[in-house]
Amino acid sequence: MGDLYKNFLRPLLFLLEPETAHDLTINLAKVFQKFDFLTGRAGSVFSGPDAPVEVMGLKFRNPVGLAAGFDKNCEIYRFLSKLGFGFLELGTVTLHAQAGNPRPRLFRIQESSAIINRMGLNNAGAAEAAKNLERIGKTEIPLGISIGKNTDCSLEKAPENYLETLKILYPHGDYFVLNISCPNVPDAGRLCRPGYVLSVLEPVMEFMESMGRKPLFIKIPCDLTGRETAGMANIAVEYGTGLAASNTANSREGVPEKWKTEKGGLSGAPLEEISNKIISGIRAVSKTVPVIGTGGVTSPESALKKLKLGANLVEVYTGMIYNGPFFVKEILKYIALEGK
Ligand SMILES: Cc1cc2nc3c(=O)[nH]c(=O)nc-3n(C[C@H](O)[C@H](O)[C@H](O)COP(=O)(O)O)c2cc1C
């Protein structure tokens, strides 16, 4: 069935400018998810074999989720929940709406099964996301919500900015992700320094304790050194959070020459080894810290590899763009066969 997408739908979608194709998908999904008889049918067509896992007290029917950045405004997740995923990471949502970087800011690199994006955390803000979450309601799979800092907010004011965002969205997420790793914002390099991470993390933890704790992950960059990775793993152990490893790369390894100067974060196949190294770095420090492996899952084999390296869950984004809506099912079938 995946061939149907690759041979017919993908060539049509790829005729469109990438962000236009994304916007079209969002608009079609919004319509589609209004009709229960359609979403009910989709559920059975796209689902793969169950592969249940429990992570941080949450039960997942399978370990394959959608990575942050696809449903930034939490508006099409009922549709997405029918594509076989075990969970969805929505957002990244910031406190106030922001436009992100000027277009064009999203580029397909088909030769490398990759994408470069410099979206810059464009989103409609926390109040709008909460309104959508309230209207659409819960789904049968866990929903994670990624929260980030507004670009015009200084690092000093960041703790308050994250906390206010979390407060607005807290009733709606089953787990949360602190995004401290977007490479497409000013100060990107400083966001993942331990001092800054702790300044954001501590008030967030305090709030969550007071409200009834939900699982929290920190999404880390993939351009970390071994020492920096170990530092993040130690923070996660100390504070009882998980880690999502990782965000997009500054590296241009594995992409044709003409793309090497295009600004933005690289995702897809060239990211696989880079982000796998981060997973191994985390596991060298802790065998138990919960890890969501993200980056370069563009084939069923690459998903299983991340699980074998010690990720508890994996996420896909770019792989979904290149492989289509049957991708999760393909991964789950492969895991059922080869994952013993
Ligand atoms: C267009 C685009 C937008 C993204 N936006 C976000 C975002 O808002 N927040 C975030 O944490 N990661 C974001 N990401 C990063 C993905 O969540 C993921 O970490 C990265 O793409 C690596 O996974 P992949 O190789 O499967 O794409 C975005 C990625 C892409 C391609």
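Treat the numbers as computed from the prediction; the structure is a model and nothing was measured. Starting afresh in each chain, residues are numbered from 1 along the sequence in its written order. Under the rules for a predicted model, residues below a pLDDT of 70 receive no local features and side-chain atom pairs below 80 are neither given nor counted, while totals for whole chains, interfaces and linings still include all residues. Only hydrogens and water are removed before side-chain values are computed, so all heavy atoms of the structure are retained for them.

### A word on the site of the ligand
Phase 1: With respect to spatial proximity, 23 residues lie near the ligand, and among them Ala68, Thr92, Lys219, Gly296 and Thr318 are the closest.
Phase 2: What sets the accessible areas is the Shrake-Rupley method with a 1.4 Å probe; for residues, cover comes only from the shown protein chains. Relative to its unbound accessible surface of 610 Å², the ligand loses 97% to contact with the protein.
Phase 3: With respect to the pocket detection grid, the ligand is positioned in the second largest pocket.
Phase 4: In this description a helix means any DSSP run of H or I spanning at least four residues, a strand means any run of E spanning at least two, and both kinds are numbered starting from the N terminus. Within the residue set of the shell around the ligand, elements represented by two or more residues are strand S6 (114-117) and strand S11 (265-268).
Phase 5: Following the grouping adopted for this structure description, the nonpolar residues are Ala, Val, Leu, Ile, Met, Phe, Trp, Tyr, Cys and Pro, the charged ones are Asp, Glu, Lys and Arg, and the polar ones are all others, Gly among them. For the shell around the ligand, the class distribution of residues is eight nonpolar, 13 polar and two charged. Here a residue is near a molecule or strand as soon as one of its heavy atoms is found within 4 Å of it. Each cavity reported here is a set of points on a 1 Å grid over the protein atoms alone in which a 1.4 Å probe fits but cannot get out, each pocket an open set with protein on both sides within 12 Å along at least five of seven lines, and each lining residue one with an atom within 4 Å of a point. Any molecule with more than half of its atoms within 2 Å of a cavity's or pocket's grid points is counted as sitting in it.

### Here's the deal with the sheet that holds strand S12 (residues 291-294)
Hydrogen bonds between backbone atoms are what pair the strands of a sheet, whose relative direction is either parallel or antiparallel.
Phase 1: Two strands pair under a simple rule: DSSP has to find at least two bridges between them. The eight strands are arranged S3-S4-S7-S8-S9-S10-S12-S13 in a closed barrel whose pairing can be described as parallel. This sheet shows a mean twist of 25° between the axes of neighbouring strands, independent of strand direction. To get an axis, a line is fitted to the C-alpha atoms, and for a helix only the part in contact is used. The angle between two axes follows their N-to-C directions and goes from 0 to 180 degrees.

### Observations concerning helix H10 (residues 300-309)
Phase 1: Here's how the labels work: a residue is buried when its accessible area is under 20% of the maximum for its type, exposed when over 50%, partly exposed in between, all with a 1.4 Å probe on protein chains only. Every buried residue of H10 is accounted for by Pro300, Ser302, Ala303, Leu304, Lys306 and Leu307.
Phase 2: Check the buried side of H10 and you find it contacts helix H9 (272-285), S12, strand S13 (313-316) and helix H12 (327-338).
Phase 3: Phi turns positive one or two residues past the end of H10, at Gly310, with a value near 120°. Residue contacts are defined here by distance: any two heavy atoms, one from each residue, within 4.5 Å place the two residues in contact.

### Structural notes on the side chain of Ser267
Phase 1: Assignment of secondary structure puts Ser267 in strand S11.
Phase 2: Pairs of N or O atoms within 3.5 Å make up the polar contacts considered here, provided that, within protein, one atom can donate a hydrogen while the other can accept it, and that residues adjacent in sequence are counted only when both atoms are side-chain atoms. Reaching out from Ser267, the side chain makes a polar contact with the side chain of Thr318 at a distance of 2.7 Å.
Phase 3: Not counting residues within four places of it along the chain, the set of residues in contact with Ser267 comprises Ser113, Ala114, Ile115, Thr248 and Thr318.

### So, empty space enclosed by the protein
Phase 1: Grid points are joined across faces, edges and corners, and a volume is the space filled by probe spheres set on the points. Tallying each qualifying case throughout the model produces one cavity of 30 Å³ or more.
Phase 2: Classifying every residue of the lining of the largest cavity gives seven nonpolar, five polar and one charged.

### Let's talk about the nonpolar core
Phase 1: What is meant by a nonpolar core is a set of buried Ala, Val, Leu, Ile, Met, Phe, Trp, Tyr and Cys residues, joined one to another through side-chain atoms within 4.5 Å. Ranked by internal contacts, the top residues of the largest apolar core, which has 98 residues, are Phe85, Leu88, Leu169, Ile220 and Ile282.
Phase 2: It is helix H7 (residues 194-211) that provides the largest number of residues to this core, a total of eight residues.
Phase 3: Setting aside chain neighbours within four positions, we find Ile282 in contact with Ile220, Thr229, Ala233, Leu243, Ala245, Val289 and Val291.
Phase 4: Val55, Phe60, Ala244 and Leu313 belong to the second-largest nonpolar core, a separate cluster that totals ten residues.

### Brief notes about the packing of H7 against helix H8 (residues 226-239)
Phase 1: Packing of H7 against H8 leaves a shortest axis separation of 12 Å and a crossing angle of 20°. Looking at the two axes, H7 sits roughly parallel to H8. In this structure, H7 meets H8 at a crossing whose hand is right-handed. Along the contact surface, H7 presents Pro194, Val197, Leu198, Leu201, Glu202 and Met205, while H8 presents Met232, Ile235 and Tyr239. Roughly parallel covers angles under 35 degrees, roughly antiparallel covers those over 145, roughly perpendicular covers 65 to 115, and oblique covers all other angles. A clockwise turn of the near helix away from the far one marks a right-handed crossing, whereas an anticlockwise turn of less than a right angle marks a left-handed crossing.

### Here's the deal with a nonpolar patch on the surface
Phase 1: Patch members must show over 30% relative accessible area and no salt bridge, and they are joined within 9 Å when carrying like charges or within 5 Å when they are nonpolar side chains of Val, Leu, Ile, Met, Phe, Trp or Tyr. A pairing counts as a salt bridge when a side-chain nitrogen of Lys or Arg comes within 4 Å of a carboxyl oxygen of Asp or Glu. Together, Met1, Leu4, Phe8 and Val45 make up an exposed nonpolar region whose accessible area comes to about 440 Å².
Phase 2: Along the chain, Phe8 falls in helix H1 (residues 2-13).
Phase 3: Judged by relative accessible area, which is 55%, Phe8 ranks as exposed.

### Examining the sheet that holds S6
Phase 1: One open sheet holds the three strands; their spatial order is S5-S6-S11, and the pairing between them is antiparallel. Of all strands in the sheet, those bounded by a partner on one side alone are strand S5 (106-109) and S11. With direction set aside, neighbouring strand axes in the sheet form an average angle of 20°.
Phase 2: Bridge count for S5 against S6 is four bridges, and the pairing is antiparallel. Paired with Phe107 across the strands is Ile116, a residue of S6.

### Some points on the environment of Gly339
Phase 1: Mapped onto the elements of the fold, Gly339 is located in the segment after H12.
Phase 2: Judged by relative accessible area, Gly339 falls into the partly exposed class, the value being 32%.

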